[in-house]
Amino acid sequence: MKNVLITGGAGFIGSNFVRYLLETEPGVRIVNLDLLTYAGRPENLQDLPDPARHLFVQGDICDRALVDRLLREHTIDTIVHFAAETHVDRSILGPGQFVQTNIVGTFTLLEAARQYWIVEKSLPLEAVRFHHVSTDEVFGSLKPGEPAWTEETPYAPNSPYAASKASSDHLVRSYHHTYGLPATISNCSNNYGPRQFPEKLIPLMILNATTGKPLPVYGDGQQIRDWLYVEDHCEAISLIVRKGRVGQTYNIGGDNQPPNIQIIHTICDILDELQPQSPHTPHEKLITPVADRPGHDRRYDMDIHKINAELGWKPRQTLHDGLLHTVNWYLTHPDWVASVSGNSEYKAWVEQNYTKRGESGK
Ligand code: NAD
Ligand code: TYD
């Protein structure tokens, strides 16, 4: 890993990964290709460690000519592919962009890599890697008592987001199987931590609670996700890129599965402790049941034995400490919060997804 193309590196996990790589890999140069959609934030790339080794390029992963040029100009040997449309609720209201970015975009990157690395033999195949970052949502939903998903579990995606990611995973797999592209895939559970866009559960709850807005719980709040602190995810990806076996997929997860309502109560408790003088304390009085998400997956759970046995990875951060860090980060970055949530696009999203949503049971 010398010259790395990171796609989606202005988003939540991508920008944390850019930082992680600059801190842990002193020899690496990064080209960061990001379209800067609503979720891609230049603010996420401020104050990078060693910024001279990071080049930001605003552009679309579906732009084949641009991707071709970047691979050649920077002699890219490693692609770590994060760029995607990522929010399930947006995929329900508008699935078309998910098909374009997640499926066509991944196909475009695969074709460009195949041409440059395999057809043109620009670099030794042992020295190149395409790593595709994916989600546990490709596996569908677990019933109570069913065992956690392994790398062998058949895909059963339920939302347009999950289906588009499943589709892109299959394309990556096929490029390894058919063309010998040195590829790896990771399927990770729900991430949280600094710089997550406040459309997702945890940052939305933190920002709404600190400003005294309702905390919207979909349905009965008993849905279960597995939660992983973002830096733990970055470490796992870095290990897979450096030491994972080509052609393999690895599950990544946080080894904890609280129901959503418990996450929300924990955030409220942390805020009560940190801000006892707030007019919104106790924050749990803001909890408001709202209409459920259509097709809402009930339970996710990841079996992470493979990555632990092969690469020695396990999550470092406990859920409580990770949440405490995260709440503290949002409280101490008011400029980031104002810039990301103060604009008209974000307000329009809140209006569309919440104001028009209706109450629980309607
Ligand atoms: P995000 O929504 O915060 O960021 C996505 C980034 O991709 C943004 O910077 C956006 O500008 C960029 N992007 C979108 N379309 C693009 C295009 N056509 N060309 C170039 N850039 C484009 O997403 P995230 O939460 O950081 O997720 C990153 C990856 O990790 C995704 O592939 C997602 O499926 C996967 N993942 C996320 C989670 C999670 O909990 N957030 C969990 C598992 C896997
Ligand atoms: P989210 O952060 O959107 O991630 P995903 O749907 O990809 O798992 O949602 C996490 C869980 O929280 C999910 O069960 C839906 C629920 N949720 C709410 O109850 N209220 C909300 O306002 C949001 C955004 C999510």
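See the structure printed just above.
Since the structure is predicted, the reported quantities are computational estimates derived from the model, not experimental observations. (Residues numbered from 1 in each chain as written. Chains lettered and ligands numbered in written order. Predicted model: local features only at pLDDT ≥ 70, side-chain atom pairs only at ≥ 80, totals over all residues. Heavy atoms only, no water.)

S.K.: Pulling in residues and values, what's your account of the nonpolar core?
M.R.: With 34 residues, the main nonpolar core has Tyr192, Ile202, Ile206, Leu215, Ile267, Leu323 and Tyr330 as its most contacted residues. For this core, the secondary-structure elements that each account for two or more residues are α6 (201–210), β8 (215–218), β9 (227–229), α8 (260–274), α10 (319–331), α11 (334–341) and α12 (344–355). Looking at which element gives the most residues to this core, the answer is α8, with 7 residues. Discounting chain neighbours no more than four positions away, the residues touching Leu323 are Tyr192, Ile202, Thr266, Ile267 and Ile270. Membership of the second largest hydrophobic core comes to 27 residues, among which are Ile79, Phe130, Tyr175 and Leu181. (Core = buried A, V, L, I, M, F, W, Y, C linked by side-chain atoms within 4.5 Å. Buried < 20%, exposed > 50% of the residue type's maximum accessible area, 1.4 Å probe, protein only. Helix = DSSP H or I, 4+ residues; strand = E, 2+ residues; numbered from the N terminus. Contact = heavy atoms within 4.5 Å.)

S.K.: Any details on the packing of aromatic side chains? Residues and values, ideally.
M.R.: For the coordinates displayed, the defined rule picks out 14 aromatic pairs. Aromatic pair Trp149 and Tyr300: ring centres 5.6 Å apart, planes at 45°, arrangement tilted. A residue pair is termed long-range when its members are at least 10 positions apart, and Trp149 in the loop between β5 (129–135) and α5 (160–179) and Tyr300 in the loop between β11 (287–290) and α9 (305–311) qualify at 151 residues. Neither residue differs from the other here; Trp149 and Tyr300 are each classed as buried. With a centroid separation of 5.7 Å and an interplanar angle of 80°, the aromatic rings of Tyr330 and Trp336 are classed as edge-to-face. As far as burial versus exposure is concerned, Tyr330 and Trp336 are alike and both buried. (Phe/Tyr/Trp six-rings, centres within 6.5 Å; stacked < 30°, edge-to-face > 60°.)

S.K.: Got a sec to walk through the environment of Asp220? Specific residues and values, please.
M.R.: For Asp220, the location among the structural elements is in the loop between β8 and β9. Assessed through its relative accessible area of 43%, Asp220 is described here as partly exposed. Taking the C-alpha atoms as reference points, Asp220 and Ile261, separated by 41 residues in sequence, lie 8.3 Å from one another. Within polar-contact distance, the side chain of Asp220 engages the side chain of Arg298 at 2.7 Å. (Polar contact = N/O pair within 3.5 Å; in protein donor to acceptor, adjacent residues only side chain to side chain.)

S.K.: Report on the pairing of strand β2 (residues 29–34), specifying residues and quantitative values.
M.R.: In terms of burial, β2 is a largely internal element, 5 of the 6 residues being buried. Sheet analysis places strand β1 (residues 3–7) next to β2, joined by 5 bridges and oriented parallel. Residue pairing for β2: Asn3 is matched across the bridge by Arg29. Considered for its hand, the β-α-β crossover made up of β1, helix α1 (residues 12–24) and β2 is right-handed. Sheet analysis places β2 next to strand β3 (residues 54–58), joined by 5 bridges and oriented parallel. Bridging from a neighbouring strand, Asn32 pairs with Phe56 of β3. (Pairing = 2+ DSSP bridges. Right-handed = clockwise from strand over helix to strand, strands pointing away.)

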